[in-house]
Amino acid sequence: MADEHKEKGELEATKEKEEKGEECTSCKSDQEVVFIQDLGFNVKVAAPGVEPFDIQVSSMELVQEIHQLLMDREDTCHRTCFSLQLDGATLDNFAELKTVEGLKEGSLIKVVEEPYTMREARIHVRHVRDLLKSVEPLDAYNGVDCASLSFLNAVTGGDIMEKRRTRADPVDCTPPDFIMPGSSSEKDTPILPLHPGLKEQPTKLNCLKVLTPSGWNPPPGYRKLHGDLLYLQVVTMEDKHYHITASTRGFYINHSTEEEFNPKAASPSYLSHSLIELLNQVSSTFKRNFALLQKRRTSRHPYERVPTPYQIYSWIGPQLDHNIDAIRAEDAFSSKLGYEEHIPGQTRDWNEELQTTRELPRKNLPERLLRERAIFKVHSDFVSAATRGAMAVIDGNVMAINPGEEAKMQMFIWNNIFFSLGFDVKDHYKDLGGDAAAYVAPRNDLQGVKVYNAVDLEGLFTLGTVVLDYRGYRVTAQSIIPGILEREQEQSVVYGSIDFGKTIVTHSKYLDLLQKAGNQLKILPHKVMNEKGEEVELCSSVECKGIIGNDGRHYILDLLRTFPPDVNFLKVEGVELSKEATALGFPVEHRHKLSCLRQELIDAFVESRYMMFIKCAAVQLQQLTIRKQINDVPQITNEKQEEKGKDSEKEKEGEMEEDEAKRIVESMTDSITSGEKQDMEDSTKEIVKKAANAVGSLKETEFDIRFNPDVFSPGVVHPEPNGEAYKKQCQLVKDAADFLLTAQIPAFIRDCLDHSTAPMDGATLADAIHNRGINMRYLGKITGMLQKVPQLEYVHTIAANELVMRATKHIFTSYLQGLDMLSLACAVSHFLNCLLSSCPNPSTTVPDQLNSKKRSRNKSKNKAKQSPLTPSDSVEWATLTPKALWSQIRTECKSYFDWELTYDNMDAFVEGLQITKVMILRSFCMKAGVQILLREYNFDNKQQQTFTDDDVINMYPIVKHISPRATDAYNFYTTGQSKIQQGFLKDGYELISEALNLLNNVYGAMHPEIAQCLRMLARLNYIMGDHVEALSCQQKAVLMSERVNGLEHPYTITEYTHLALYCFANTQVSTALKLLYRARYLALLVCGENHPELALIDSNIGLILHAVGEYDISLRFLEKALSLNQKYHGVKSLKVAVSYHLVARTQSCMGDFRSALANEKETFTIYKTQLGEDHEKTKESGECLRHLTQQAVVLQKKMNDIYQGKSKTGLPPIQIQPPSMGSVLDMLNIINGILFVQISQQDIENFKKEYEIRQKGGSKTEESSTEIKKEIEDLTASLDSQSIKS
């Protein structure tokens, strides 16, 4: 079945392409081939000691993947050293299944135990160790082995999908106090609930006391000849000591003791092929607990266990037990990376691997998938190796390659990766801003690597690059160009300049390659002068270097100025900025002169200029046509002129609404090229010239906007600085910087106003700003503008907080440098106290080892040649005070971001922005790479400081790297999205399922893009009425988002809200509430209560509480949602109307008809003004009003009767009919922006049965909201804007 639908999805895409008229014949056949090949089928596996079982495999898998699967399965996990045989022939581990002869549906594969080798024995012992510790969250908290945390199943109390099969749960709906509306303003949000279930974790299953390699290793020569490979020592839970021999046949117990070596087999020797089988025999506790442990391990969702592609670090964690683990100890001190012994030839040649994967063929889909999978895999391995290496360098664990030099200048090589520190070596950046420039250069270089990799030009190679910030140092890790270490740099550079433009060389092959890439990146080939005054042609900035490696590949490096400079942050002699820029206070002098514009900005700028060009030409052409009274448009020929080809990518990108203008211009330019009608031709040339001049094009005959990245560069000499051409180039760079101020920043603010972006924290704010091509150094200006827009108060709060945090991070970085390892914890906790504690003068104790060493140190002051991390003697850090820190932060905000921080201290800042110190703590720890203890912190005590040195448990690196894309999957996904927007759900669904397959193919199981794809699929399933499938997809999306984005990442919060809706639709009401409470808690932790996202969460909570009759609590949430919607969507918006209506419903259920009437009137008024009298929503609301008035009259009458003594009975109970679950679900769909959901009558009946807990009959207070299929644009905005945009 799955394959059928793949096939269809595939053909859809092929049809699409044909409609677009691409050359589709080749790809069509290719794509059909793929799907005939990638078939899923079942095979039987027979392993010793277990019943044969079926597994599902796909023809694209490698035999090795079956190995992995068997090592993970509960009943076969204790084997590692085996081969797989089909009909007596051993299968090759690295063969794809489709190449294995005779392998088909139902084949029987035998698991055959193989003799051990030394390596296999070690792998086996390590695997046993991993199984024994597989359930603990140790690795996730320590940030190793790509483990990360996930708490979904702790929140829901078990797997939601399992729950579906059992009976519905009892409904316990009371929300915890700390998430009630208004609670966070009274006291800080608690931290402990962030990691739920740590307290009630099931008892720890200990299987062994000790498992360690024995001190008798390695076996002496005469024992090697008897097949001994290594010796282990085991202490069982029953306190028995055993020495075990690993031999080629397996594991057995020998006669050795701690004192005496006696390798003879004990009797019984319990010889077993697997260590686990042996231990099962000697220890009953081991047998029992290991079985339980495996049950526990395999009962976890696979997504909780699979490693993530890149390491995620937790900013907070418990104090973990540190157990004895000899294998971990061995790993820490060997230079090998864990399992890398699997790779023949020991250390990996990263450069070779990275470049070879780029050279793989990419003609058709299967080839591209293979290539992208290889690129992604090698890249994520490289990132984790680079991370380990960089930490080793900073921790002082690696010898420098130039140990004689001063600390800052040292460079390191570890595991075939080159590491350098972000300091200005040899005054390289003297004119550009010294260390400040050296600090940002790696970041800019990484951007350059990113764009050249995205262009993906054959024959042009970049280095694997990772930039890390760890313990206050910036480390750049790069793969090594073959041969570069043997020669001096001067000899190897064949293109570019190593001394910022004094000597410059060029190379024809490089010019050719860079020009091809430059056309896409809008880089202009240009000439510069060297110090001898000769002109040299380049197609990149001067300091970009080309080196031909010993492997013959053309490498480019130092791409830090790939894009043109940002003149708003450069003070250049004699350069005038526009009126708008000077009004905003530009140019601002920045710390360094490496400020460049972003690629997104360049693209947007060229796009907008192209539109200007088209319009300008069209207007003139129309005038000309009218003047000449030519009625026939010049005939259009098929010759396409250059410019069209050049900008065809552009045209595809933005579907121009200016079709009219385009047609005119095309007809005109075609007539130029076809060379008819002489008189026409001259005037059209004139028009193009005018239009080209109007947009500042570099050529007069066509649209040509490219940038010279060397303009305004200090030290670079240009051939004709006063020539027209050069002036035009300078003007373009100024225009682009201007465009950022006049178009892009207002566009960002508009995005926020129409809620197409709603950032929740600093990170999502940065993404939104970057997407518009704005650099973060503009954040001060943006924050100033946001302050003037009251309904963007929440964005202003996030921005101001982000500014203060970035400034704090700058200060913290220099604070950390030169700290002694001894005092790291004290220093970090002291810094946190100065930042966040209310205690006016936090004190700290300097570790005394420092003081005792002081005297002896002074003599050897001149030894500057120690490692970069040699501590300075100063205990300066201990003198920091909150006051001093705050004034440094204010200065930094002003000097770096040109933003005035008006508050006098942190407490005033927190008060003024209505945020919590927990939000600041989270933000700071995530930026600075600090992990703190999971406990509640008291920030308000003026006598006692908040943090002690025991609260700082770890420091982790902040890692920046490029993220290779799965391009085909991306194309399927976007095509699928546009299909859905056109209303073709089925087609869209198939394309997006197909995208999911391709994503899994390239990225493996875990990746942020896969989480996004799963969310979309869940949404589609839900809309198409398959609630169970929706629940299943969304559950995976939540687990994955927790694992790859982080527990409290804004995306994870969104995933939780979606999952709650689908749980409710599957009648898991209390689970839905738990999920919403979790979402609200996370949101409070991340951005506090003042945020439009909370209005959505609160409406959901209020509605569901209303459905289960908890009217009082429900009302609190709905009223909060109402006030937030009024604040952020404006009092007249439809969202506010819905909120009023929800509040009115709840009030009427509580018998408070007067208030209900008042609120429903508001709803009616908004509908009437926005949608008109005759709209069904307006009529519905009118109905509701009549109904409420009637109720109020009846109630009043009864009360009057009682007062006048006419009726002897007391007040009759107000009989309230609880709302039908169907109508609640309808309302939920409306507020969550889901448009049409057909619910069968049967579903509603089932809901009703479940909810007949409450009495019936009596007054109907509840208008059931009829199914809404009208698309009210405004309502669809809330969730969809996120899922569709992202």
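The structure this text deals with has already been given above.
A.B. asks: Help me out: how do you make sense of the pattern of salt bridges in this one?
C.D. replies: Note that side chains of opposite charge can pair when their charged atoms are close. What the rule picks out here adds up to 57 salt bridges. A salt bridge links R297 to D72; the shortest N-O distance between them is 2.8 Å. Linking R297 in helix α11 (residues 284-299) with D72 in helix α3 (residues 63-72), this pair joins segments that are 225 residues apart in sequence. In this structure, the salt-bridge partner of E802 is K927, at a minimum N-O distance of 3.0 Å. Of this pair, E802 sits in helix α27 (residues 793-816) while K927 sits in helix α32 (residues 917-928), and the two are 125 residues apart along the sequence. Each of the two residues, E802 as well as K927, counts as buried. Connected via shared salt-bridge partners are R358, R362, R371, D456 and E458.

A.B. asks: Please explain α3 as it appears in this structure.
C.D. replies: Owing to its 3.6 residues per turn, the α-helix brings residues three or four apart onto one side. Among all positions in α3, only V63, I66, H67, L70 and M71 are buried. For α3, the angular spread of the buried residues around the axis is 135 degrees, confining them to a single face. Where α3 is buried, its residues meet β1 (40-46), β2 (53-58), β3 (82-86), β5 (108-113) and α4 (118-132).

A.B. asks: I'm lost on the sheet that holds β1 in this one. Help?
C.D. replies: Backbone-to-backbone hydrogen bonds join strands into a sheet, with any given pair of strands oriented parallel or antiparallel. One open sheet holds the 5 strands; their spatial order is β2-β1-β5-β3-β4, and the pairing between them is mixed. The sheet is open, and its two edges are formed by β2 and β4 (89-90), each paired on a single side. For β3 and β5, the ladder comprises 5 bridges, and the chain directions are antiparallel. Paired with L86 across the strands is I109, a residue of β5. Across the sheet, α3 lies against β1, β2, β3 and β5, angled at about 125 degrees from β3, the strand it touches most.

A.B. asks: I would appreciate a short explanation of the nonpolar core in the present structure.
C.D. replies: Nonpolar side chains in soluble globular proteins tend to end up buried together. Counting residues in hydrophobic clusters, the biggest one holds 277 residues, and the most contacted among them are Y452, F748, I889, L921 and F1064. Residues contacting L921, with those up to four places away along its chain left out, are I191, W315, L832, L836, I932, Y937, F939 and F947. Counting residues in hydrophobic clusters, the runner-up holds 32 residues, among them L205, Y242, F286 and F290.

A.B. asks: Please clarify how empty space enclosed by the protein should be interpreted in this entry.
C.D. replies: Unoccupied space between atoms shows up once a probe the size of one water molecule is rolled over them. Scanning all chains against the criterion turns up 12 cavities of 30 Å³ or more. Taken as a whole, the largest cavity spans an internal volume of roughly 150 Å³. Taken together, 14 residues form the lining of the largest cavity, with L354, R358, N453, G464 and I962 sitting closest to its centre. Listed by contribution, the elements that provide at least two residues to the lining of the largest cavity are α14 (350-359), α15 (365-394) and α16 (434-455). Looking at the lining of the largest cavity, the element that brings in the most residues is α14, giving 4 residues.

Reading the values: rules and limits
- Residues numbered from 1 in each chain as written.
- Predicted model: local features only at pLDDT ≥ 70, side-chain atom pairs only at ≥ 80, totals over all residues.
- Heavy atoms only, no water.
- Salt bridge = Lys/Arg side-chain N within 4 Å of Asp/Glu carboxyl O.
- Helix = DSSP H or I, 4+ residues; strand = E, 2+ residues; numbered from the N terminus.
- Buried < 20%, exposed > 50% of the residue type's maximum accessible area, 1.4 Å probe, protein only.
- Arc of directions from axis to C-beta.
- Contact = heavy atoms within 4.5 Å.
- Pairing = 2+ DSSP bridges.
- Axes fitted to C-alpha atoms, helices over the stretch in contact; angles between N-to-C directions.
- Core = buried A, V, L, I, M, F, W, Y, C linked by side-chain atoms within 4.5 Å.
- 1 Å grid on protein atoms, 1.4 Å probe; cavity = no way out; pocket = protein on both sides within 12 Å on 5 of 7 lines; lining within 4 Å.
- Points joined across faces, edges and corners; volume = space filled by probe spheres on them.

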